[in-house]
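Below, each chain spelled out in residue letters.
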Amino acid sequence: MIEKNPPDQADRSQVISDDDQDVGGNVPIKLDTDDAPDSKGPRIPDELPILPLRSSVVFPGTVMPVKIVREKVQLVLDSALSGSRIVCAVPQRHSETEDPELNDLYRVGTACVILKLIRLDDGGETIIVHGLKRVGIVSIAQESPFLVARVQPRDDTFELTPEIEALMHAVRETAGKVIELSPDVSDEAARIIEDIHSPAGLADFLAANLSLELIEKQELLETFEIVDRLKKVLEAMNRQLQVLEISERIQSQVRQQMDHSQREYYLREQLKAIQQELGESDARNTEADKFRDLIVKANMPEPVEEQANKAVERLETIPQASPEYSNSIDYLDWLCALPWALSTTDRLDIKRAGRILDQDHYGLDKVKKRILEFLAVRKLKPDGKGPILCFSGPPGVGKTSLGKSIARALDRKFARIALGGVHDEADIRGHRRTYVGALPGRIVQELRKAGSNNPVFMLDEVDKIGQDFRGDPASALLEVLDPAQNSAFVDHYLDVPFDLSRILFIATANYMDAIPGPLYDRMEVIRLPGYTHREKLQIAKRYLVPRQLQENGLTPSKLKLDDNVLATIIAGYTREAGVRELERKIGAVCRARAASIVAGRRRTAKITIRAIEADLGKPMFESELAETDAIPGVVTGLAFTPVGGEILFIEATRMPGNGGLNLTGQIGDVMRESAQAAFSIARNKATGWNVDPSVFRESDFHIHVPAGAVPKDGPSAGVAMVASLASLLKDKPVDPATGMTGEITLRGKVLPIGGVREKVLAAHRAGLTRVVLPDRNMRDIDDVPDDVRRQIEFVPVKNIDRLIKVLLSNGSTKKRKTTRKRTTKKKKR
């Protein structure tokens, strides 16, 4: 960029030191307006004292101030002023060199005449030098007390060719544009350029005034050919012009923005003043002030408060008619409504909590024990993180209602979201605000409803979460249910962290196998098995009957259900692991009694079994002690389903054929493989069972699992399938009152299985008196209620040989009858 005009040489305050020595302001001017090659000037001596310059270059025909700082330079000045006043100004290669030698200097400099010496008020001195001619340093004639060099002047010789004229025209035109875009350069510079007719003088003047690095200026000084010098100057000026044009464009844009912002500011201030005079107020300002007060009251964390204040500032700039205005209002409303610092105080009275849990639920000792442990830990360590629990069990055993009781025992708020069928990740994390109608996720929504940042939060039916193209909600729950991460949970809508670590999360599930492994790993699973007959009776007496009486407007004096009637309802009208259907049946009885009371029909308060049949119809399920034939090839297996334990029958038969195996009953791949393994074991052990091996070559076998409309799978039916084939081949029946479960291997070993408690309870409900279990599962019978254990014989088996011995050693080859077989069948109504 072309620099400012030089200061008045007599004005000492304008001389600015570039370093500690030379170039005040670097503001050379053109002194010779017509520097023709034949111009006469002072004769240049063959030897000249060296005037080293730290960071500037003097060009021929220009004037430059140089501040004298170094002592050797002062000696050069004294010598020159007492003689020809001519010195050789040479730039140093490194500005930090204090006492330069020949190798520290460039070899081309400028012969300069000292025009004037100026003594400054601070005692320093500045000289004004005028560049005369380029000189090359041939050698050093004197090294002390200062350098004196033998020099060779270089005259500028040229012919005014069309090329030079064209270059001069381009240089002048480009220089004019640069001057026009440089506000700090006066128009006088353009007139000086027009007055320079020598191409060498024009190039040197512009080179001296361009903002170039020292090495670039030295390169121009060392360019002796006029055409090359003009081209380099033009190239440098074009670079400067490009920078100036970009800078001008940027400044123009900034000025426009500033003008717009200032205009808007002034108009807003005027509008505010007018509204104040009229007693009115701007709705936006009112909303902004309201939210500022709410932000202070919400006691947000510092990063969240900063984000909220930015949103308020942005709200003030958005027109009210813009859709973005209402979106900002909604966003701020959510931020301010969340319980950032609102929490309830836990009541850490363990005895009180135990009473509340016992009042609301019968049994469930493991769950109650775990909650009381949590209270004890919280009492010892108040700032501890809440556990992540998962209640697993069949429907109707009280998982959800237990969560409410826990909240009541802790004196916390209760929040619940149902995850069954949820497919969209945004239901957990929320939608980003770029979407129309965006909302926070269900976690944040329920926290706002609860009004507390430490509620008991129930995630219901976590095993029924779906997954599709909209994301995987189960993966989104990983952060929510991880105590190491959920202290900084970020909802996509809020886009700020919220601390979930104080929440007591309780998930519920019917079947844990459907839960992804990483999510399963984050939860402490507490299993709630199905209820026994005795437990259902107690639950009905303590909870279900009083609740249904109240809901149907009855009192105990108008309706009484004794133990025999409740036992009849449990055994004849329900067959479930939980108590939901039982409550529905009790409700039906209550509604029938309410209808008779309203109709004026007199009925006694006590309900009889006959009255139950009148209200509910004939029993749907019957427990029969009928004599049932025991058939070879038919055994009773035990299964575990999401709704509790069940019994299932395995049937095997054979017919003439060539050794094929047919499997039916809608069984899955794992169960199908168990049947094939059982068939292979039977063929392998046929000789030991006194069975002719030719049977397998001459017969086809068929294994069927009834209830063909119900899908079945799992490895635990292997034992029952081997027993069924052995019974068929040996023509010996297995006692129908014996249930069995276990996985098998081709080596004949019996492996442990899961769901023992549920399977045993199912066997008890069905009236079985003996259960065959894998030996390694015998430790699991401790979880079976005492009254059930007393009524069932448990037989452990380690291998198939032991199994066959237990089931078939004492049997007869003839069909025999059993006097204790309780089958469950659904009657037609």
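All of these numbers come straight from a predicted model, not from anything done at the bench. (Residues numbered from 1 in each chain as written. Predicted model: local features only at pLDDT ≥ 70, side-chain atom pairs only at ≥ 80, totals over all residues. Heavy atoms only, no water.)

Visitor: Go over the overall build of the chain, please, and point to the residues and values.
Guide: Looking only at helices and strands, one finds 26 helices and 25 strands in the chain. Looking at the chain residue by residue over its 829 residues, the buried ones come to 49%. Of the contacts made within the chain by residues no fewer than 6 positions apart, 75% connect residues no fewer than 24 positions apart. (Helix = DSSP H or I, 4+ residues; strand = E, 2+ residues; numbered from the N terminus. Buried < 20%, exposed > 50% of the residue type's maximum accessible area, 1.4 Å probe, protein only. Contact = heavy atoms within 4.5 Å.)

Visitor: Describe the confidence of the model for the chain, listing the residues and the values that go with them.
Guide: On average, residues of the chain score 82 in pLDDT, and 89% of them reach the 70 mark or higher. In the predicted structure, residues 623–627 sits below a pLDDT of 50 and forms 13 contacts with residues beyond four places in sequence or in another chain. In the model, residues 811–829 has pLDDT below 50 throughout and makes 59 contacts with residues more than four positions away in sequence or in other chains. (pLDDT = per-residue confidence, 0-100.)

Visitor: Go over the pattern of salt bridges, please, and point to the residues and values.
Guide: As enumerated under the stated definition, the model contains 41 salt bridges in all. With its nearest N and O atoms 3.7 Å apart, the salt bridge here joins Arg 239 to Glu 235. Of this pair, Arg 239 and Glu 235 both sit in helix H6 (residues 226–278), 4 residues apart, which is roughly one turn of the helix. What makes Arg 239 partly exposed here is its relative accessible area of 37%. Residue classification places Glu 235 among the partly exposed residues on the basis of a relative accessible area of 47%. Put simply, Glu 583 and Arg 547 hold a salt bridge, and the shortest N to O gap is 2.9 Å. Residue Glu 583 is located in helix H19 (residues 580–599), and its partner Arg 547 is located in helix H17 (residues 533–551); the two are separated by 36 residues in the primary sequence. (Salt bridge = Lys/Arg side-chain N within 4 Å of Asp/Glu carboxyl O.)

Visitor: Residue-level account of the pairing of strand E3 (residues 62–68), with values.
Guide: Counting buried positions over the 7 residues of E3 gives 7, a clear majority of the element. Neither face of E3 is left uncovered, since the one carrying Thr 62, Met 64, Val 66 and Ile 68 and the one carrying Val 63, Pro 65 and Lys 67 both have all their residues buried. Across 6 bridges, the pairing between E3 and strand E6 (residues 125–142) is antiparallel. In the sheet register, Val 66 faces E6, and the bridge partner there is Ile 127. (Pairing = 2+ DSSP bridges.)

Visitor: Any chance you could break down the sheet that holds strand E8 (residues 388–392) for me, citing the residues and the numbers?
Guide: Taken in spatial order, the 5 strands make up an open sheet running E9-E10-E13-E8-E14, and their pairing is parallel. With partners counted over all chains shown, the strands left at the sheet margins are strand E9 (414–418) and strand E14 (524–527), one partner each. Each adjacent strand pair in this sheet contributes to an overall mean axis angle of 20°, direction not counted. When strand E10 (residues 456–460) meets strand E13 (residues 504–509), the two strands line up parallel, connected through 4 bridges. Residue pairing across strands places Val 456 opposite Leu 504, the latter belonging to E13. (Axes fitted to C-alpha atoms, helices over the stretch in contact; angles between N-to-C directions.)

Visitor: I'd love a proper account of helix H10 (residues 350–360), names of residues and values included.
Guide: Three or more residues of H10 are buried, namely Arg 352, Ala 353, Gly 354, Ile 356 and Leu 357. Looking at the buried positions of H10, the neighbouring elements they touch are helix H11 (365–380) and helix H12 (399–410). A distance of 3.2 Å separates the backbone nitrogen of Lys 351 from a side-chain oxygen at the start of H10, and that oxygen is part of Asp 349. (Polar contact = N/O pair within 3.5 Å; in protein donor to acceptor, adjacent residues only side chain to side chain.)

Visitor: Which residues make up the packing of aromatic side chains, and what values do they have?
Guide: The geometry of two aromatic rings is summed up by the distance between their centres and the angle between their planes. Scanning all chains against the criterion turns up 7 aromatic pairs. With centroids separated by 5.8 Å and ring planes inclined at 70°, the aromatic side chains of Phe 679 and Phe 696 adopt a geometry described as edge-to-face. Of the two residues, Phe 679 sits in helix H21 (residues 669–684) while Phe 696 sits in helix H22 (residues 694–698), which places them 17 residues apart along the sequence. As far as the burial class goes, Phe 679 and Phe 696 line up, both buried. Through pairs of rings, three or more aromatic residues link up here, namely Phe 679, Phe 696 and Phe 701. Lying over the aromatic face of Phe 291, Lys 290 brings its terminal NZ or CZ to 4.7 Å of the ring centre. The side chain of Arg 433 reaches across the aromatic face of Tyr 331, ending 3.9 Å from its centre. (Phe/Tyr/Trp six-rings, centres within 6.5 Å; stacked < 30°, edge-to-face > 60°. Lys NZ or Arg CZ within 6 Å of the ring centre and 35° of its normal.)

Visitor: Could you give an account of a nonpolar patch on the surface, with specific residues and numbers?
Guide: Taken together, the side chains of Ile 246, Ile 250, Val 254 and Met 258 define a hydrophobic patch exposed on the protein surface, amounting to about 320 Å² of accessible area. With respect to the secondary-structure elements, Val 254 resides in helix H6. For Val 254, a relative accessible area of 37% translates into the label partly exposed. (Patch = residues over 30% accessible without salt bridge, like charges linked within 9 Å, V, L, I, M, F, W, Y side chains within 5 Å. Areas by Shrake-Rupley, 256 points an atom, 1.4 Å probe, with all protein chains shown as cover.)

Visitor: Got a sec to walk through the environment of Thr 157? Specific residues and values, please.
Guide: Tracing the sequence through the fold places Thr 157 in the loop between strand E7 (148–154) and helix H2 (162–181). Residue class for Thr 157 comes out exposed when judged on its relative accessible area of 63%. Sequence separation between Thr 157 and Ile 226 is 69 residues, and the spatial gap between their C-alpha atoms is 7.9 Å.

Visitor: Would you mind going over the packing of H19 against helix H20 (residues 609–616) in detail, with residue names and values included?
Guide: Interhelical geometry of H19 versus H20 gives an angle of 95° and a closest axis separation of 10 Å. The angle between the axes of H19 and H20 places the two elements in the roughly perpendicular class. Along its contact with H19, which presents Lys 585, Ala 588, Val 589 and Ala 592, the element H20 presents Ile 612, Asp 615 and Leu 616. Partitioning the contact of H19 with H20 into residue classes produces 5 nonpolar, no polar and 2 charged. (Parallel < 35°, antiparallel > 145°, perpendicular 65-115°, else oblique. Nonpolar A, V, L, I, M, F, W, Y, C, P; charged D, E, K, R; others polar.)

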